[in-house]
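Chains, contacts and geometry: an overview
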Number of protein chains: 2
Amino acid sequence: MIRKAGAGATRISARQIYETLRDQIAAGVFGIDGQLPSSRSLAVELGVSRTTITVAYDQLLAEGFVAVRQGARPRVVAGLLRHVTPVRATRARKAVQLSAYGKRLRRVAMAPDSDGGKLIADFRYGELAAGDFPQAIWRRAIHAAMAGRADRLGYDDACGSRRLRSALQGYLWRARGLRCDLEQIVVVNGSQQGLDLCARLLLDADDRFVVEEPGYAMARHTFAGTGAVAIPTPVDDEGLVTDTLAPGAARLVYVTPSHQFPLGSVMAVSRRRQLLEWARRSNAHVIEDDYDSEFRYDIDPVPPLHTLDAYGHVIYLGTVSKTLSPTLRIGYLVVPHDMQVAFAMAKRLSDRHSAMLEQEALASIIESGRYESHIRKMRRLHRERRETLLAALRLTFGDRVVIAGADAGLHVVARFLDLPRKLEAELIDTARRVGVGLHSVSDLYAAAVRPDRVTLIMGYAALDTGRIERGIHLLADAVRLCRERAKRR
Amino acid sequence: MIRKAGAGATRISARQIYETLRDQIAAGVFGIDGQLPSSRSLAVELGVSRTTITVAYDQLLAEGFVAVRQGARPRVVAGLLRHVTPVRATRARKAVQLSAYGKRLRRVAMAPDSDGGKLIADFRYGELAAGDFPQAIWRRAIHAAMAGRADRLGYDDACGSRRLRSALQGYLWRARGLRCDLEQIVVVNGSQQGLDLCARLLLDADDRFVVEEPGYAMARHTFAGTGAVAIPTPVDDEGLVTDTLAPGAARLVYVTPSHQFPLGSVMAVSRRRQLLEWARRSNAHVIEDDYDSEFRYDIDPVPPLHTLDAYGHVIYLGTVSKTLSPTLRIGYLVVPHDMQVAFAMAKRLSDRHSAMLEQEALASIIESGRYESHIRKMRRLHRERRETLLAALRLTFGDRVVIAGADAGLHVVARFLDLPRKLEAELIDTARRVGVGLHSVSDLYAAAVRPDRVTLIMGYAALDTGRIERGIHLLADAVRLCRERAKRR
């Protein structure tokens, strides 16, 4: 840092400024565009005359570190931007001592991040097409939110803006038949933060929690982070198998009743009642993740588990990650009355509250009806994509592939009857090399018992119909290659 | 919810639609503007003919529930919007069983939320004036960020956008002399989430942590949430008193070296070295909260503690809550190399990553130099406000008030020599009634030992100079009233 001239300090010289800037250029401090501060602003910053800065800049210019265009700020010469000296490494020290939580995180194996769309067709679940985002509507809503600011910028209610919670309250009833008080709604940064808050407030080390098997791995990791122990419980065509739940067997059950993740079944009403009765007897909580309930095609809408809950054991979890964009980081919890205060406190200590601009923008598009009309539009588009995917799979693989979970949501599960699971890793690898992203359901099992055939979770929400067809075509090539190689061995 | 006609279901009637909508109107589902869905979209939603919807709407119109203007969607009649039937309350159940973390949160007493600027002058610390926000610059940056979207919308790196981290890397060096690798930076939702991640990764129940006394209460509550025990350690004119730190006495120390919160001292270099030496010997971590280091007036900038840290014990914490707005929820950590993976994992399980639009916008205004020019502009404005506040206090109270911490930051501490502390609650209450928000330093002490005189923390960043003068004038009235009342007793 360049020290500013203060009381008793000697005024810094052009030489010092030159040397500091030269070192900063070498270390790549000036970022992507390579622009240095203007001489006027740097002079103010350092408390020196503008002439002093000009002398330093002229020296940098003379030595070829910067280029100057009339009227613009000096820029680092393009070639130099690439030669970044490695920054000072810290010296060796004793091994870092993490908390029990930190140590547990080290044992979690999480799926790698996205490739960012470098493939021809990536069937990764959970991503959306950028072109589907209601750009113009969102832009207007963000604009209006920026214009409508209060007099002072301060911290808001930890549970979220009242306006958004009021809009969500109406939306939840209109779209999902779910009735709740505004005070029961907690706005969170996507469903992941909802899961994390539930884990922290409800689980201690060595407690037990039930998750679906197979199920959503991030939920399992989040609950296990507390040191609690997972009880993976099978799912069938009627959703989570509830018969085997012993009273008091767990403090918490995580379920996806509208569209089981990943296998796609809808939880039967008898199972729902059984689960709620178990929760009441066990004084346990049920987390209902309603993650993609907005998208259903050939089936009637099924009201959330929450609507059957007379005793306040259900915590409902929703998100706009599937309806608008996962990059917005907005989700919402509906919590029982007697847990409101605890959730508000936990959210406040986690990060005060969620970003306000997005909250206001979302509130306004729900109020105006544009959110729901966007969902209707997307439902039509996703239905078309789904039909294209199903038709392409049928055409290419006939009855050698069995599809599950296609009635709703944004993904299907495809089981390849004539491909033993030992070929799976090779198939995924081969497909990637021809430009297709495939993702195995095996990663979503907690236990070692996994499908005996290649079984893929195939998301289609981010792909147009052309890419879906091209992707299945390439997948067929990859399958052929793998099978031929297997024969030769 | 209205059930959609599906296979085997009877088609829903206009009567059913009418009844459902009537109930929804009574329960206030249609939000602030009271607009019902268009008949076309509702018909699509429910899988019925548009005529069926029209019949239902006509009935609602006839009974005076809605009004219809040509071409527009039906609206709930204004008077009805106000009569919201209370929603169904859940039946009694056993007391909720919270985790140990949840139980500890119940014991935390936190300061109430803001009044939202209803007072003439609220000297609450931590808020900014909405008029100071660089609206036009931020709007353009948000616009550019929205236009520059990728092909797919998916989850980003948990540590934040590479572009923002690269911009912050340059900023930290230019502005604070802090050098780090891009990989050491973790973008968080304001400094609060930074504190929370540190607490979770570094503290277990019954561990010990050092906080400044008096100090930032939210940090203390956050660390105590883990079940660890606070060691409140005094501060003096040279910052945290480090002499009394025994080797291995704590796993973590939280400090504000640039501008001690709330008393305002700058930590002396000898103390800094002593603290780092203690951390090395104890294999402990030091969290350096550099919360308002951008604002300094009569003093030289002091490089962060991080620049003296050769062994990777310091975790640096910065925020844009003081430079742009606390509503944006953006902060950043600089973590030691050997903790990068743990922080990335913890952030990912907390909420995947921070909202991307804001990250991109912030990156672009740092790259273009506008962030730093905004800070320079704000420094001039805040200096003016500070001078107005100091002059008004001097003029009104003379040497009966002693000011501390005015060299830097956005608040001062004012100690009223002739007002015993027992008058404090009454003074705060009286001032509020005449329109002035006052906040006691006493709330920032962990222990029972508190100042013997009325001592206020006075933030001035959200107030223009007129309001500051008016506020101090009203404060003088409140002081007079309290003193007279005390005499009469």
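Residues numbered from 1 in each chain as written. Chains lettered and ligands numbered in written order. Predicted model: local features only at pLDDT ≥ 70, side-chain atom pairs only at ≥ 80, totals over all residues. Heavy atoms only, no water.

Looking now at helix H13 (residues 370-397) of chain B. Over its 28 residues, H13(B) runs 40 Å from end to end, which matches the ideal 40 Å to within 8%, given 1.5 Å per residue. After H13(B) finishes, the residue Gly398(B) shows a positive phi value of roughly 55°. (Helix = DSSP H or I, 4+ residues; strand = E, 2+ residues; numbered from the N terminus. Expected span 1.5 Å × (residues − 1).)

Next up on the list: the relation of the copies chain A and chain B. Placing chain A over chain B gives an RMSD of 0.2 Å and needs a rotation angle of 180°, together with 0.0 Å of translation along the axis. The superposition of one copy onto the other is thereby described by a two-fold rotation axis. The position closest to the rotation axis in chain A is occupied by the C-alpha of Ala355(A), lying 4.0 Å away. Interface overlap between copies is the fraction of interface residues in one copy that are interface residues in the other; for chain A against chain B it reaches 98%, indicating a shared surface. (Least-squares fit on C-alpha atoms with pLDDT ≥ 70 in both. Contact = heavy atoms within 4.5 Å.)

It is common to give the size of an interface as the accessible area lost on bringing the parts into contact. On the chain B side, the residues contacting the 139 residues of chain A number 138 residues. When chain A packs against chain B, the two sides together hide about 12,700 Å² of surface, and 51% of this comes from carbon and sulfur. The interface formed by chain A and chain B includes four salt bridges. Close ionic contact of Glu127(B) with Arg152(A) constitutes a salt bridge, the shortest N to O distance being 2.7 Å. The interface formed by chain A and chain B holds 38 residue pairs in polar contact (both at pLDDT 80 or more) in total. Residues belonging to the side of chain A that touches chain B are distributed by class as follows: 59 nonpolar, 35 polar and 45 charged. (Buried area = accessible area lost by both parts, 1.4 Å probe. Salt bridge = Lys/Arg side-chain N within 4 Å of Asp/Glu carboxyl O. Polar contact = N/O pair within 3.5 Å; in protein donor to acceptor, adjacent residues only side chain to side chain. Nonpolar A, V, L, I, M, F, W, Y, C, P; charged D, E, K, R; others polar.)

Moving on, we come to the packing of helix H8 (residues 190-202) of chain A against helix H11 (residues 340-351) of chain B. It is at 5 Å that the axes of H8(A) and H11(B) come closest, and there the two elements cross at 95°. Here H8(A) is positioned roughly perpendicular relative to H11(B), judged by the angle of their axes. On H11(B), the residues that touch Gln192(A), Gln193(A) and Asp196(A) of H8(A) are Arg348(B), Leu349(B), Ser350(B) and Asp351(B). Of the residues in the contact of H8(A) with H11(B), the class split is one nonpolar, three polar and three charged. (Axes fitted to C-alpha atoms, helices over the stretch in contact; angles between N-to-C directions. Parallel < 35°, antiparallel > 145°, perpendicular 65-115°, else oblique.)

For sheets, the rule is that strands pair by backbone hydrogen bonds, running either parallel or antiparallel. All names here are of chain B. Ordered in space as E14-E15-E17, the three strands form an open sheet in which the pairing is antiparallel. Each having just a single partner strand, strand E14 (401-404) and strand E17 (453-459) make up the two edges of the open sheet. Neighbour-to-neighbour, the strand axes of this sheet turn through a mean angle of 25°, independent of strand direction. Two elements, strand E15 (residues 411-420) and E17, share seven bridges in a ladder whose sense is antiparallel. (Pairing = 2+ DSSP bridges.)

Turning next to unusual backbone geometry. Residues and elements named next belong to chain A. For the bond from Phe261 to Pro262, the omega torsion is 5°, close enough to zero to count as cis. With phi around 75°, Asp206 is a residue other than glycine that occupies positive phi space. Among the secondary structure elements, Asp206 is positioned in the loop between H8 and strand E7 (208-213).

All right, on to the nonpolar core then. Ranked by size, the top nonpolar core spans 230 residues in total, and within it Trp138(A), Phe223(A), Met458(A), Trp138(B), Phe223(B) and Met458(B) carry the most contacts. Beyond its immediate sequence surroundings of up to four residues, Trp138(A) is in contact with Phe133(A), Leu324(A), Leu328(A), Glu358(A), Ala361(A), Leu362(A), Ile365(A), Met146(B) and Leu357(B). (Core = buried A, V, L, I, M, F, W, Y, C linked by side-chain atoms within 4.5 Å. Buried < 20%, exposed > 50% of the residue type's maximum accessible area, 1.4 Å probe, protein only.)

Attention shifts here to the packing of helix H12 (residues 356-367) of chain B against H13(B). All names here are of chain B. Following both chains from N to C, one finds H12 and H13 inclined at 80°, their axes separated by 5 Å at the closest point. For the element pair H12 / H13, the angle class is roughly perpendicular. Across the interface between the two elements, Leu362, Ile365 and Ile366 of H12 pack against Arg370, Tyr371 and Glu372 of H13. Counted by class, the contact of H12 with H13 contains four nonpolar, no polar and two charged residues.

Let us look at H12(B). An α-helix turns once every 3.6 residues. As a result, residues three or four positions apart point the same way. An ideal rise of 1.5 Å per residue puts 16 Å on 12 residues; H12(B) measures up with 16 Å between its terminal C-alpha atoms. Of all 12 residues that make up H12(B), 11 are buried, and the element is covered over most of its length. Burial in H12(B) covers these residues: Met356(B), Leu357(B), Glu358(B), Gln359(B), Ala361(B), Leu362(B), Ala363(B), Ser364(B), Ile365(B), Ile366(B) and Glu367(B). Where the residues of H12(B) are buried, they touch helix H6 (135-147) and helix H12 (356-367) of chain A together with helix H6 (135-147), helix H7 (162-176), strand E6 (185-188) and H13 of chain B. The positive-phi residue at the C-terminal boundary of H12(B) is Gly369(B), with phi of around 85°.

Moving on to the environment of Ile299(B). Residues and elements named next belong to chain B. By the secondary structure assignment, Ile299 is in the loop between strand E11 (285-289) and strand E12 (314-319). Exposure remark for Ile299: the relative accessible area of 23% places this residue in the partly exposed category. Measuring from C-alpha to C-alpha, the distance between Ile299 and Ser282 comes to 33 Å, with 17 residues separating the pair along the chain. Among residues more than four places away in sequence, those in contact with Ile299 are Val266, Asp407 and Ala408.

Attention now moves to the domain arrangement of chain A. Residue and element names in this part refer to chain A. One can read the domain layout of chain A as domain 1 (14-82), domain 2 (120-130 + 374-488) and domain 3 (134-369). On a C-alpha basis, the centres of domain 2 and domain 3 stand 28 Å from each other. Across the contact, 27 residues belong to domain 2 and 27 residues belong to domain 3. Across the domain 2 to domain 3 interface the summed buried area is about 2,500 Å²; carbon plus sulfur atoms make up 61%. (Domains from an automatic or database assignment.)

This model, assessed by the stated rule, comprises 13 cavities of 30 Å³ or more. Space inside the largest cavity adds up to approximately 130 Å³. Lining the largest cavity we find 15 residues, and of these Asn189(A), Ser354(A), Ala355(A), Asn189(B) and Ala355(B) sit closest to its centre. Split by residue class, the lining of the largest cavity holds six nonpolar, five polar and four charged. (1 Å grid on protein atoms, 1.4 Å probe; cavity = no way out; pocket = protein on both sides within 12 Å on 5 of 7 lines; lining within 4 Å. Points joined across faces, edges and corners; volume = space filled by probe spheres on them.)

A separate point is the sheet that holds strand E9 (residues 239-240) of chain B. All names here are of chain B. Pairing in this open sheet of eight strands is mixed, and the strands run E6-E13-E12-E11-E10-E7-E8-E9 from one edge to the other. Where the open sheet ends on each side, the last strands, each with one partner, are E6 and E9. The pairing of E11 with E12 spans four bridges and is parallel. Looking at the pairing, Ile287 lines up with Ile315 of E12.

Time to look at the environment of Asp151(B). Take Asp151(B): it is sitting in the loop between H6 and strand E5 (152-153). With residues near it in sequence (within four places) discarded, Asp151(B) still touches Leu128(A), Ala129(A), Ala130(A) and Arg467(A).

Taken together, the side chains of Arg40(A), Arg50(A), Lys377(B) and Arg380(B) present a region of like positive charge at the surface. Its location among the elements puts Lys377(B) in helix H13. Among the residues examined, Lys377(B) registers a relative accessible area of 43% and is labelled partly exposed. (Patch = residues over 30% accessible without salt bridge, like charges linked within 9 Å, V, L, I, M, F, W, Y side chains within 5 Å. Areas by Shrake-Rupley, 256 points an atom, 1.4 Å probe, with all protein chains shown as cover. Lys, Arg positive; Asp, Glu negative; His and termini not counted. Charge placed at Lys NZ, Arg CZ, Asp CG, Glu CD.)

If you walk through the whole model with that rule in mind, you get 50 salt bridges over all chains. The partner of Arg162(A) in a salt bridge is Glu183(A), with the nearest N and O atoms 3.5 Å apart. Separated by 21 residues along the polypeptide, Arg162(A) in helix H7 (residues 162-176) and Glu183(A) in the loop between H7 and strand E6 (185-188) bring together distant segments of the chain. A residue is classified by how much of its surface remains accessible, and Glu183(A), at 35% relative accessible area, is partly exposed. Two residues, Arg163(A) and Glu367(A), come together in a salt bridge whose shortest N-O distance is 2.9 Å. With Arg163(A) in helix H7 and Glu367(A) in helix H12, this residue pair connects regions lying 204 residues apart in the sequence. Residue Arg163(A) is classed as partly exposed on the basis of its relative accessible area, which comes to 30%. Take Glu367(A): its relative accessible area is 19%, and that puts it in the buried class. Each of the salt bridges in this network shares a partner with another, and the network as a whole consists of Asp122(A), Arg124(A), Glu127(A) and Arg152(B).

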